[in-house]
Each structure stands twice: as structure tokens, then as C-alpha cells.
Amino acid sequence: ERITQTVEITKHVVDIEEKGVKLRLTIVDTPGFGDAVNNTECWKPVADYIDQQFEQYFRDESGLNRKNIQDNRVHCCIYFISPFGHGYRQPCPRCQGAGQGLGGTGWGSPGSPRRLRPLDVEFMRALHQRVNIVPVLAKADTLTPTEVERMKNKIREEIDHYGIRIYQFPECDSDEDEEFKLQDQALK
């Protein structure tokens, strides 16, 4: 069955249980983000939604009856980044006049391929103060392991360059087996 594209922010609630721990997971699907002709501030409805959920939780916590409060705050944003090229880099406005490309590495100079669209940068910069952002390379299974590693490194460099804070996964416990530690490191 084909999944239809959403046209408004939609919540899906799933109850899961693992090893006796019950968890209610709410997935918030955002509408065709970035699909419009004019994408100026298209991230605003998402930011507003996140702010509304925090404000509602704060109001509930500040009330007299706090026993049955539902936590609808957004705790994490899984941000999918397209693996396909987004054209060529324009000079970085942050570095212009400094005689540098992206962070002075050279690969960010005009004419070199970029991994993040300006829209990606704008969206993540607007939300990184509000919610944990986990960038995910979409459709990574269509790439070779070498391409995935190269793209992840370039995306990390751009994220650092633009001062975007992303979620940092914790280190594994020392008693974890080596295979799990390797998988964990590969995911980071």
C-alpha cells in the first residue's frame, strides 16, 4: 500500500513494550516539508508545533491537578538528509571576506559539491535550540559504504561549520560486547 504524502502535521501514537518496559511513542509527521516553490520559513509550522507542545506541558505542570499530565513534548527530530547532490556550493556568507571556503578546508569553495541544502541548514538552525536533532542519511542503502562514510563526514563538517548542535549519542558501557560497540560506532 502506498503511503500518501501528508498535508498537515499529523500525530501517530504507538504503544511498544520491550523487556517489560512499556513506552508510548508518538511520531509526528510533518507535511511535505520543503516541497513548495517558495520555501521561505517553511520550517515555521514545525517550530511552532514544538513550541506549542512545550507551552501546553508547562501549563499542565503549573496547574493544580498534575496527576494525569500527558507529556506531548517533542523530544527528538529525526532529520532525513537526501543522499543525492544538491548542486554546487555558493560562497559561504559566514566565510566571505575571510578568504576561506567551508571552515577553511578547501572543499567548501565555490563549485564544490554540497551535501546540505540551504533549506536543511535553515531548518536545523531554527530547531536545534528547541529539540534534539538526529540527522539521518536517507536512502543510504543505495550508496556504497565508502560513499556513505564520505557523505557522513562532509555532512558533519557542514553541521559543525554552521554551528548546528545535534544529538550526541552516549558512549557504550564498558561491559558491552565488541560487536555491539562496533555497530554503535558505525551508527555515529
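Residues numbered from 1 in each chain as written. Predicted model: local features only at pLDDT ≥ 70, side-chain atom pairs only at ≥ 80, totals over all residues. Heavy atoms only, no water.

Along the chain, the position of H128 falls in the loop between helix 2 (118-127) and strand 4 (132-137). Owing to a relative accessible area of 12%, H128 belongs among the buried residues under this scheme. Of note is the side chain of H128, whose polar atom sits 3.0 Å from the backbone nitrogen of R165. Among all residues touching H128, those that are not within four sequence positions of it are I133, G163, I164 and R165. (Helix = DSSP H or I, 4+ residues; strand = E, 2+ residues; numbered from the N terminus. Buried < 20%, exposed > 50% of the residue type's maximum accessible area, 1.4 Å probe, protein only. Polar contact = N/O pair within 3.5 Å; in protein donor to acceptor, adjacent residues only side chain to side chain. Contact = heavy atoms within 4.5 Å.)

All chains considered together, the criterion is met by two aromatic pairs. Ring geometry for Y167 versus F169: centroids 5.0 Å apart, planes at 90°, classification edge-to-face. Using a relative accessible area of 33% as the deciding quantity, one classes Y167 as partly exposed. Its relative accessible area of 42% is what places F169 among the partly exposed residues. (Phe/Tyr/Trp six-rings, centres within 6.5 Å; stacked < 30°, edge-to-face > 60°.)

With that settled, consider a negative patch on the surface. Taken together, D173, D175, E176, D177 and E179 make up a surface patch of like negative charges. By the element assignment, D175 lies in the loop between helix 3 (145-161) and helix 4 (178-187). Note on D175: relative accessible area 66%, which makes it exposed. (Patch = residues over 30% accessible without salt bridge, like charges linked within 9 Å, V, L, I, M, F, W, Y side chains within 5 Å. Areas by Shrake-Rupley, 256 points an atom, 1.4 Å probe, with all protein chains shown as cover. Salt bridge = Lys/Arg side-chain N within 4 Å of Asp/Glu carboxyl O. Lys, Arg positive; Asp, Glu negative; His and termini not counted. Charge placed at Lys NZ, Arg CZ, Asp CG, Glu CD.)

On to the confidence of the model for the chain. Mean pLDDT over the chain stands at 79; residues scoring 70 or higher make up 79%. Ranking the elements of the chain by mean pLDDT puts helix 4 last with 78 and strand 4 first with 92. Per-residue pLDDT stays below 50 along residues 87-91; that stretch engages in 19 contacts with residues further than four places along the chain or on separate chains. (pLDDT = per-residue confidence, 0-100.)

By definition, a disulfide links the sulfur atoms of two cysteine residues through a covalent bond. Overall, the coordinates contain zero disulfides when judged by the stated rule. C76 takes part in no disulfide bond, and the closest cysteine sulfur, belonging to C77, lies 7.0 Å away. Owing to a relative accessible area of 40%, C76 belongs among the partly exposed residues under this scheme. (Disulfide = S-S within 2.5 Å.)

This part covers the pairing of strand 1 (residues 10-18). Alignment of strand 1 against strand 2 (residues 21-29), held across nine bridges, turns out to be antiparallel. Bridge pairing in strand 2 links E18 to V21. Counted along the chain from strand 1 to the antiparallel partner strand 2, the turn is two residues long, and its residue K19 has a positive phi close to 50°. (Pairing = 2+ DSSP bridges.)

A few words now on the UniProt feature "site: Important for dimerization" (unreviewed entry) in the chain. UniProt feature "site: Important for dimerization" (unreviewed entry): in the numbering of this structure it lies at F84. Along the chain, the position of F84 falls in the loop between strand 3 (76-81) and helix 2. Apart from residues lying up to four places away in sequence, F84 is in contact with K139 and T142. (UniProt positions renumbered as here; feature names shortened; annotations may be inferred.)

On to the nonpolar core, then. When a protein is soluble and globular, its nonpolar side chains tend to lie buried together. Core analysis: the biggest nonpolar cluster contains 28 residues, and Y79, F123, M124 and L127 have the highest contact counts within it. Of all the elements in the fold, those that place two or more residues in this core are helix 1 (44-62), strand 3, helix 2, strand 4 and helix 3. Here M124 is in contact with Y79, L116, I133, I159 and I164, once residues within four sequence places are set aside. (Core = buried A, V, L, I, M, F, W, Y, C linked by side-chain atoms within 4.5 Å.)

All right, on to unusual backbone geometry then. The backbone of E41 sits at a positive phi, close to 55°, despite the residue not being glycine. Within the element layout of this structure, E41 appears in the loop between strand 2 and helix 1. A relative accessible area of 43% places E41 in the partly exposed class. Look at K139: it is not a glycine, yet its phi comes out positive at around 55°.

With that settled, the discussion passes to the environment of K181. Here K181 shows up in helix 4. When the C-alpha positions of K181 and E171 are compared, they lie 8.8 Å apart, and in sequence the two are ten residues distant. Beyond its immediate chain neighbours, meaning those up to four positions away, K181 contacts C172, D173, S174 and E176.

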